[in-house]
Amino acid sequence: MIIDCHCHAGTGGGLTGPWDAAASLGKYLRRASLAGINRTVLFSMIHSDYAMANHEVARIVASRPDRFYAFAFVHPDRDRGHVLAMVRIAVENYGFRGIKLHHHDGRITREICQVARIFSLPVMYDVMGEVSVVELLAREYPDVSFIIPHLGSFEDDWRSQLALVDHLVRHPNIYTDTAGIRCFDLLQHAVHRAGAGKVLFGTDGPWLHPGVELAKVRFLDLAQHEERLILSGNLLRLIAGVQPRSGPIAAAASAAAWSRGGSNDRRARNRFSTN
Ligand SMILES: [Zn+2]
């Protein structure tokens, strides 16, 4: 079983570049299939309305629920006060298994960490090189798992990536993914120092070729059980505690959310507005 933990899907909210334009999965799925990748975690790209973007991703997941998992994308500032309602819809209605956010939109907030804690969701947070926040996340939310993709920097900022390795080693709840890491020696260094249990296979599809990204993991030349952790075991462990649909924690959160009213995504979001 090979699971890609990091792939974007749906229609982006802008026309700045591939990160906020349409991400068609056709070519990705053909390439992933050739590479032997069985499943993929999908989330939106940068978008101006993540409730809408998550809904679009949910429709894609529903078309092939045996092939896809999904994470709910949230905006730390624009969705402030709405995160519980948005994530509840994503988990209970769509069956999503994690939260995704990007420093491009803003810095991670306590609200997002607390909602992740309620639903036992892993949080994938692209820190864009601002690795120091990981120390605080690890210390203040030790029961929440954080995946810091690209070893902390898609730009391959060596200092940030090197610094993240130390966090992987020291903090049990901090993970990374392999997506887009160009400096192979740093990836190898991270796995050797932090262990295969702290690294997840990801591709940043559909922009990067999933087969090329997978080759990096193969060339790590790990023992079979270590490679298996990176290719699927770690992700499956991180999403195993998620309480989808009818779990008691989700039900409690749901009751709290709905006690304030709302019958669809938009109304729920409006009801939870704090301003
Ligand atoms: Zn990405």
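The model shown is predicted, which means the values in this text are computed figures rather than measured ones.

### Some details on the sheet that holds strand β1 (residues 3-8)
Neighbouring strands of a sheet are bound in pairs by backbone hydrogen bonds; such pairs are parallel or else antiparallel.
Link 1 in the chain: The 8 strands are arranged β1-β4-β5-β6-β7-β8-β9-β10 in an open sheet whose pairing can be described as parallel. Each having just a single partner strand, β1 and β10 (199-200) make up the two edges of the open sheet.
Link 2 in the chain: Note that strand β5 (residues 68-73) and strand β6 (residues 98-102) share 3 bridges and pair parallel. Paired with A72 across the bridge in β6 is I99.

### Thoughts on helix α3 (residues 83-93)
Link 1 in the chain: In terms of burial, α3 is a largely internal element, 10 of the 11 residues being buried.
Link 2 in the chain: Listing the buried residues of α3 in full gives V83, L84, A85, M86, V87, R88, I89, A90, V91 and E92.
Link 3 in the chain: Downstream of α3 by one or two residues, G95 has phi in the positive range, about 75°.

### Here's the deal with the pairing of β1
Link 1 in the chain: Of all 6 residues that make up β1, 6 are buried, and the element is covered over most of its length.
Link 2 in the chain: Two elements, β1 and strand β4 (residues 39-43), share 4 bridges in a ladder whose sense is parallel. Bridge pairing in β4 places D4 opposite T40.

### A short note on the nonpolar core
Link 1 in the chain: Counting residues in each nonpolar core, the largest one holds 79 residues, and the members touching the most others are A70, M86, V87, I99 and I112.
Link 2 in the chain: By residue number, the principal contributor to this core is α3, which donates 8 residues.

### Some points on the confidence of the model for the chain
Link 1 in the chain: Averaged over all residues, the pLDDT of the chain equals 89, while 85% of them reach at least 70.
Link 2 in the chain: Confidence drops under a pLDDT of 50 for residues 245-275, and excluding neighbours within four residues, the segment shows 46 contacts in the predicted structure.

### Description of the packing of helix α6 (residues 158-170) against helix α7 (residues 184-194)
When two helices pack together, their arrangement is given by the angle between their axes and by how far apart the axes lie.
Link 1 in the chain: At a minimum axis distance of 9 Å, the contact between α6 and α7 shows a crossing angle of 15°. Here α6 lies roughly parallel to α7, going by the angle between them. Where α6 crosses over α7, the handedness of that crossing is right-handed. Of α7, the residues touching α6 (which contributes Q161, L162, V165, L168 and V169) are L186, H189, A190, R193 and A194.
Link 2 in the chain: Here the residues of the contact of α6 with α7 sort into 7 nonpolar, 2 polar and 1 charged.

The rules we used
Residues numbered from 1 in each chain as written. Predicted model: local features only at pLDDT ≥ 70, side-chain atom pairs only at ≥ 80, totals over all residues. Pairing = 2+ DSSP bridges. Helix = DSSP H or I, 4+ residues; strand = E, 2+ residues; numbered from the N terminus. Buried ≥ 20, exposed ≤ 12 C-beta atoms within 10 Å, placed from the backbone. Core = buried A, V, L, I, M, F, W, Y, C linked by C-beta atoms within 7 Å. pLDDT = per-residue confidence, 0-100. Contact = placed C-beta atoms within 7 Å. Axes fitted to C-alpha atoms, helices over the stretch in contact; angles between N-to-C directions. Parallel < 35°, antiparallel > 145°, perpendicular 65-115°, else oblique. Left-handed = near helix turned anticlockwise from the far one by under 90°. Nonpolar A, V, L, I, M, F, W, Y, C, P; charged D, E, K, R; others polar.

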